Amino acid sequence: MSDKKMQVVFASAEAAPFVKTGGLGDVAGSLPRALVAAGADVIVMVPKYGTIASEYTDRMEHVADFYVSLGWRNEYCGLERLVIDGVTYLFIDNERYFKRDYPYGFFDDGERFAFFSKAVTESLQHLPEGFQCDVLHCNDWHTALAPVFLREFYQGLPLYERVKTVFSIHNIAFQGQYADTILNDILGMAHIPNAARQLRCDERSINYMQGALDYSDAITTVSPSYAWEIQTPEYGEGLDGILRRRSNVLSGILNGIDTDAWNPATDPMIHANYSAADMSGKKACKAALQEELGLEVRDDRPLMVMVTRLTRQKGMDLVTYALDRILSGGVQVAVLGTGDYEEPMRYFANKYPGTCAARITFDNALSHRMYAGADMFLMPSLFEPCGLSQMIAMRYGTLPVVRETGGLRDTVAPYNQFTGEGTGFTFANFNGDEMGDAVFRGARLYWDDHAAWDQLVQNAMAADFSWVRSADEYMNLYHNLHPEIDITKPEPVVAEPEPAEPTAVEAEPAAPAPEPTVTEAEPAPKTEPAAEPADDAKAEAPAKAEEPAPKAEPTKKTAAKKTTASKTAAKKPAARKTAATKSTATKAAAKATATKPAASKAAVTKTTAAKATATKTTTKATASKATAAKTTAKKPSTASATKTATKSTTTKAAPAKAAAAKTAADKPATAAATAPKAAAAKTAPAKASTSKAATSSAAKATAKPATPKATAAKAAAPKAAAQDSSAATPADKPAPKAKSVSAAKRTTRKR
Ligand code: ADP
C-alpha cells in the first residue's frame, strides 16, 4: 500500500453549473465533489463551450496548449483551469469545435467528440504538477473513444501504462453511431484491425459506445437494475450482447441527489418548511399548492403530481389512458412539464377543473412547491436508467407511484400492508390499468389508514439518497482497479444533512379511518366521468372487510433496498377487488389488455393464504432464471450480429422469434383493436380532437407488451401485477416493443 491518493480524471460532455442538458450534467456536477470528500483527487474535463457563463470563463486560467492529431488533422487544444470546491476543472478549448450556441446537435458531432476524447487522452500528459492519473472515468458516448485511443495510441508510454479506464452509461439510447468513413478520416484507425473490428457495428457504421464497452477496464451504469436490463434485447439497444459478454466488469451504481438543494427543512422555495419530526408544514404546503394551481383546497383528496418531460419514456401513454379513472376516482392530479403530451394534459385540466391542473412549462421553483405540497408522485416510466425525481419526492415525504424499472425499482420499496414496510407504490408491467391500480392502492391507504400512511412517509423521508453512498461505491470500484492504492476517507468535511429520524408512530392497530363517501355499491358505467368525484371514488374502494390490514411493526424503519422490495412484494395482498367493479368501458379495455384476466383472477383469490403466494413467487423466480438462461443461449455470437438482429427487428415489426412470441403477439393485437373503443366510450365527445389523441395513446398503452421477463419475475408478487407477469412468459415477448422503445428514446433527448 502507498500513501498515494486515488487520482481520477472524470471526462464528461457536460457538468453543472457550466453546462447541463440533463442528468449527465447533474452527475458530473456533483459526483466529483463527493469523490473528493471520499478521499480522491479529481480533475473534471469538459469542453469549453461558447455558452459557459462569463462568471466562470473570466476566472479560468490557461495552463497548457498543444496539438491533437485526428486523422489527417492537427487540432489546437488549450487547457483552461478552474478550481471549485476542491475539484479541478480543466476545460478543453478549441473554438472551432466548441464555440457554438448549444452543446450538441451539429452535423459534425462525431468529429467534435472524437476530438474531445482524443484531447482528454492527450491531456493526461499535461496535468498539473503532482497529478498522476490512475483512473480515467468516461461518461456516455461523447467520451467513449478515450479508452479506445488510450489503448491503441498511448499504451506503450509509461505514463499511460498505469491508467485504468471506467466507462459509465447514463443512457444507452445514445451511442454515437456514424458512417465508417470516420474510421479513417477522423479517427485514423482504419489500419488497426483490432480497433476497426471492435468499433464496427454493421457493414457501414461504427459505434463509439460499443468501442468503450470493449476497451474499458470497468463499465458502470446509474442503477443496478438498469445494469441488468441493458443486458436484455428489450433495453440493450443492440449493445446487450457485448454487455452480457462483459457482465463481469459491469456494475450499477445509483446516482444520488443534492440533499442540500432538496431539503424540505431549509428549502426557501416552499410555502412552509417541515421535517420528518414535524410534518405540519407539509399540510400548509399542500393547501397553498392546491390554491396556486386552482384545485379544490381539501385535505381529503390525495394530491398526486408529476414533474417531468412529457414523453413516452416517462410513461405518458399510461397516464393519458388512466387519467379519467384516476380523476373521477377522487384523486387530484397536477402535472408540470413540457414535451410531446402537452395537449392531452391541457385537455384533462379543462375537463376536470378543480381536480386536475397542468402547467406546461419548465419552472424549478414550482417544482419545489409541487414536491413539497403533494401526497403522491407519479413516475410510470417505460425505462428509467436512474431517475432523480422519485428520490426528490421521497425526500419531501411525497410517496412515489412508480413502475418497477431501472432506478425506480432500486429506489422505491413497495408498500407491504402486513409489515408497514415500503416507501411507495409500485407496479410491474407497462400497463395503464396496473398503473391505475397502484395509484388507488396509494389513495386507499391515504383515505383509510392514516397511521400506515404516516409511517410510509417516515420511511420515505428516512431513505438515504445522498451522493456519499454512491461516491463510496465508485471509490471501491477504483480501488479494485488499483488495489495498491489505499483508500482513506478524509474527515467528513462534506457533512450531508442527515435525513431526520422517523418519529415513532403509536403502535395502535391500523384502524381504517372512515372514508367519507365510500360505499360498496357498484357504480354505474360512466359516460361523463367529470361527475362528482366522490361517487367514483367508490369504485376504487376495496372491500375493507376482506383485508384487516394487520401491521406487525408499524414503527419499523425500512431501507429502500432491492432485497426488501422483493421480500415485501412477495407478501403483497392480491389485487383489488375493484378490478371487477369498474365501468363497462374500463372492463372492455381491461379485457383487451393481455394481462387483465390474470388480474381479475387475482382479485378473486385475494384472500389466498400467504403460503400459496410464496410458492408462486418461488416458481416465478425459477421461471425467470430459466428465461435468463434461454436469453443468453439465444444471444448472437458477435456484437455486430446482435446489432444487425436488433435492426432487423426495428425495421420489420414482425418478431424474430415468431413462433415463441405468437401468444403474446396475438394479445396486444387484440388489445389495440378493442382498447380505443373502450377509451372512446369514456371520453367526452365534445373535445373530439384532443380526446382522440388521448385515446390513441391509450390504445398504444394497452397494446404494449409486458415488461421484460426479468422484471416480471422480480416483481413476483401475489398481486395482480405479478400474475400478469407470470402470464407473460419470456417467450410471450413480442419483438415489436424493441422498435417503439428505441424510437421513443431516440427522439426524447437533445443529445
Ligand atoms: P430525466 O430523465 O429527465 O433526467 P430525472 O428524474 O432523472 O429525469 O430528472 C429530472 C429532473 O428535472 C428533476 O430534478 C425534475 O424535478 C426536473 N424537471 C423535469 N421537468 C421539469 C419542469 N417542467 N420544471 C422543473 N423541473 C423539471
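Keep in mind it's a predicted model, so treat the numbers as computed, not measured.

Residues separated by three or four positions in an α-helix point in the same direction, a consequence of the helix having 3.6 residues per turn. Burial within helix H5 (residues 145-154) is extensive, with eight of its ten residues counted as buried. Within H5 the residues assigned to the buried category are Leu-145, Ala-146, Pro-147, Val-148, Phe-149, Leu-150, Arg-151 and Tyr-154. Buried positions along H5 lie against helix H4 (109-123), strand E6 (135-139), helix H6 (158-161), strand E7 (164-169), helix H8 (193-199) and helix H9 (208-215).

To continue, consider the nonpolar core. Counting 104 residues, the largest nonpolar core has Leu-124, Leu-136 and Leu-187 as its most contacted members. Counting 83 residues, the second largest nonpolar core, distinct from the first, contains Val-319, Leu-408, Ala-438 and Ala-452.

Within E6, five of the five residues are buried, which leaves the element mostly enclosed by the surrounding structure. Burial of the side chains of E6 extends over both faces: Val-135, His-137 and Asn-139 are buried on one face and Leu-136 and Cys-138 on the other. One ladder, built from four bridges, connects strand E1 (residues 6-11) with E6; its direction is parallel. Bridge pairing links Val-9 to Leu-136 in E6. Looking at chain direction, E6 and E7 are connected through five bridges and run parallel. The partner of Asn-139 across the bridge, within E7, is Ser-168.

Right, let's get into the pairing of strand E15 (residues 356-359). Bridging between strand E14 (residues 332-339) and E15 involves four bridges; their strand directions are parallel. Following the sheet pairing, Val-333 is matched in E15 by Cys-356. Read from E14 through helix H15 (residues 342-351) to E15, the crossover connection turns out right-handed.

This paragraph deals with helix H19 (residues 432-448). A rise of 1.5 Å per residue sets the reference length of H19, with its 17 residues, at 24 Å; its end C-alpha atoms lie 24 Å apart and thus fit the reference within 8%. Taking burial as the measure, the 17 residues of H19 include 16 buried ones, the bulk of the element.

Packing of H4 against H5 leaves a shortest axis separation of 8 Å and a crossing angle of 55°. It follows from the interaxial angle that H4 and H5 lie oblique. Pair H4 / H5 crosses with right-handed handedness. Touching Ala-114, Ser-117, Lys-118, Thr-121 and Glu-122 of H4 are Leu-145, Ala-146, Phe-149, Leu-150, Phe-153 and Tyr-154, all from H5. Here the residues of the contact of H4 with H5 are counted per class, giving seven nonpolar, two polar and two charged.

Under the counting rule described, the total for this entry stands at 28 aromatic pairs. Between Phe-18 and Tyr-89 the ring centres are 4.9 Å apart and the planes differ by 70°, which places this aromatic pair in the edge-to-face class. Highlighted residues: Phe-18 in the loop between E1 and helix H1 (23-37) and Tyr-89 in strand E5 (residues 87-93), separated in sequence by 71 residues. Just as Phe-18 is buried, Tyr-89 falls in that class too. Aromatic rings pair up to connect Tyr-49, Tyr-97, Phe-98, Tyr-104, Phe-113, Phe-115, Phe-116, Trp-141, Tyr-178 and Tyr-208 into one cluster. Residue placement shows Lys-118 over the ring face of Phe-149; its charged tip is 5.2 Å from the ring centre.

Reading across the sheet, the six strands line up as E15-E14-E13-E16-E17-E18 and stay open at both edges, with parallel pairing between neighbours. In this open sheet, the two strands that pair with only one neighbour each are E15 and strand E18 (425-427). On average, each strand axis in the sheet is tilted by 15° relative to the strand beside it, whichever way the strands run. Pairing of strand E17 (residues 399-403) with E18, which is carried by three bridges, proceeds in the parallel orientation. Opposite Val-401, over in E18, you have Phe-425 as the bridge partner. On the sheet, helix H16 (residues 364-373) packs against strand E13 (303-310), E14, E15 and strand E16 (376-379) and is oriented at approximately 145° with respect to E13.

Structurally, the position occupied by Gln-231 is in the loop between helix H10 (224-229) and helix H11 (233-236). In this structure, Gln-231 is in contact with Asp-240, Leu-243, Arg-244, Ser-247 and Leu-250, ignoring residues within four places of it in sequence.

Proximity of charged atoms lets side chains of opposite charge pair with each other. Under the defined criterion, the tally for this structure stands at 29 salt bridges. Here Arg-244 ties to Asp-240 by a salt bridge, and the two come within 3.0 Å at their closest N and O atoms. Placement of both Arg-244 and Asp-240 in helix H12 (residues 240-245) is noted, with a separation of four residues, approximately one turn of the helix. The pair Arg-244 / Asp-240 is uniform in exposure class, with both members buried. For Asp-300, the salt bridge is made with Arg-298, and the minimal N-O distance between the two is 2.8 Å. By sharing partners, the salt bridges in this structure join Arg-73, Glu-75, Arg-96, Glu-111 and Asp-185 into a single network.

So, about the sheet that holds strand E9 (residues 200-202). Read from one edge to the other, the open sheet built from three strands follows the order E8-E10-E9, with strand pairing classed as antiparallel. What marks the edges here is a single partner per strand, and that holds for strand E8 (177-179) and E9. Averaged over all pairs of adjacent strands, the angle between their axes in this sheet comes to 40°, without regard to strand direction. Bridge analysis of E8 against strand E10 (residues 205-207) gives three bridges, and the strand direction is antiparallel. Note that in E10 the partner of Gln-177 across the bridge is Asn-207.

Our next topic: the environment of Ala-438. Counting through the fold element by element, Ala-438 comes out in helix H19. For Ala-438, a relative accessible area of 0% gives the class buried. When the C-alpha positions of Ala-438 and Thr-426 are compared, they lie 6.1 Å apart, and in sequence the two are twelve residues distant. Setting aside its immediate chain neighbours within four residues, Ala-438 contacts Val-401, Phe-425, Thr-426 and Phe-427.

At a closest axis distance of 7 Å, the pairing of H5 and H9 adopts a crossing angle of 55°. It follows that H5 is oblique to H9 by the angle criterion. Handedness of the H5/H9 crossing: left-handed. The residues of H9 that touch H5, namely those facing Leu-145, Pro-147, Val-148, Arg-151 and Glu-152, are Tyr-208, Gly-211, Ala-212 and Tyr-215. Partitioning the contact of H5 with H9 into residue classes produces six nonpolar, one polar and two charged.

Here the focus is unusual backbone geometry. Between Ala-16 and the following residue, Pro-17, the backbone shows a cis peptide bond with an omega angle of 5°. Tracing the chain through its elements places Pro-17 in the loop between E1 and H1. A positive phi angle, near 50°, is found at Asp-85, a position not held by glycine. In this structure, Asp-85 sits in the loop between strand E4 (73-84) and E5. Positive phi, close to 50°, is recorded for Glu-237, a residue that is not glycine.

A word on the confidence of the model for the protein. In the predicted model, the protein carries a mean pLDDT of 74, and the fraction of residues at 70 or more is 65%. A low-confidence stretch, residues 498-751 (pLDDT under 50), is modelled with 424 contacts involving residues beyond four sequence positions or located in other chains.

Turning to the side chain of Ser-12, a few remarks are in order. Looking at the secondary structure, you find Ser-12 in the loop between E1 and H1. Ser-12 sits in the buried class, given a relative accessible area of 0%. Here the side chain of Ser-12 touches Glu-14 through a polar contact of 2.5 Å, landing on its backbone oxygen. Leave out the neighbours within four places in its chain, and Ser-12 touches Leu-24, Ala-28, Met-45, Val-46, Pro-47, Phe-116, Asn-139 and Thr-143.

Each value, and the rule that gives it
- Every chain begins its residue count from 1, and numbering advances along the sequence as written.
- Totals for whole chains, interfaces and linings use all residues, but because this is a predicted model, local features are given only for residues with pLDDT of at least 70 and pairs of side-chain atoms are given and counted only at 80 or more.
- Remark: hydrogens and water are excluded; side-chain values derive from all non-hydrogen atoms of the structure.
- Relative accessibility under 20% of the residue-type maximum defines a buried residue, over 50% an exposed one, and the middle range a partly exposed one, all with a 1.4 Å probe and only protein chains included.
- To qualify as a helix, a DSSP run of H or I must reach at least 4 residues; to qualify as a strand, a run of E must reach at least 2; elements of each kind are numbered from the N terminus.
- Residue contacts are defined here by distance: any two heavy atoms, one from each residue, within 4.5 Å place the two residues in contact.
- Each nonpolar core is a collection of buried residues, namely Ala, Val, Leu, Ile, Met, Phe, Trp, Tyr and Cys, held together in the definition by side-chain atoms within 4.5 Å.
- Here, a strand pair is defined by DSSP locating no fewer than two bridges between the strands.
- For the handedness criterion, the strands are oriented away from the viewer, and a crossover whose path from the first strand over the helix to the second runs clockwise is classed as right-handed.
- Multiplying 1.5 Å by the residue count of a helix minus one yields the expected span of that helix.
- In this analysis, axes come from line fits to C-alpha atoms, helices being fitted only over the stretch in contact, and the angle between any two N-to-C directions falls in the range 0 to 180 degrees.
- By the definition adopted for this analysis, an angle is roughly parallel if under 35 degrees, roughly antiparallel if over 145, roughly perpendicular if from 65 to 115, and oblique otherwise.
- By definition, any crossing whose near helix is turned counterclockwise from its far helix by less than a right angle is left-handed, and any crossing with a clockwise turn is right-handed.
- Residue polarity follows a fixed list, in which Ala, Val, Leu, Ile, Met, Phe, Trp, Tyr, Cys and Pro are nonpolar, Asp, Glu, Lys and Arg are charged, and the others, Gly among them, are polar.
- Side-chain rings of Phe, Tyr and Trp (the six-membered ring for Trp) are treated as a pair once their centres are within 6.5 Å; stacked means planes under 30 degrees apart, edge-to-face means over 60, and tilted covers the remaining angles.
- Note on criteria: charge over ring means Lys NZ or Arg CZ within 6 Å of the ring centre, with the direction from the centre no more than 35 degrees off the ring normal.
- One speaks of a salt bridge when a side-chain nitrogen belonging to Lys or Arg is within 4 Å of a carboxyl oxygen belonging to Asp or Glu.
- pLDDT measures how confident the predictor is about each residue, on a scale from 0 to 100.
- Here a polar contact is taken to be a pair of N or O atoms separated by no more than 3.5 Å, where protein atoms must pair a possible hydrogen donor with a possible acceptor and residues adjacent in sequence count only if both atoms sit in side chains.

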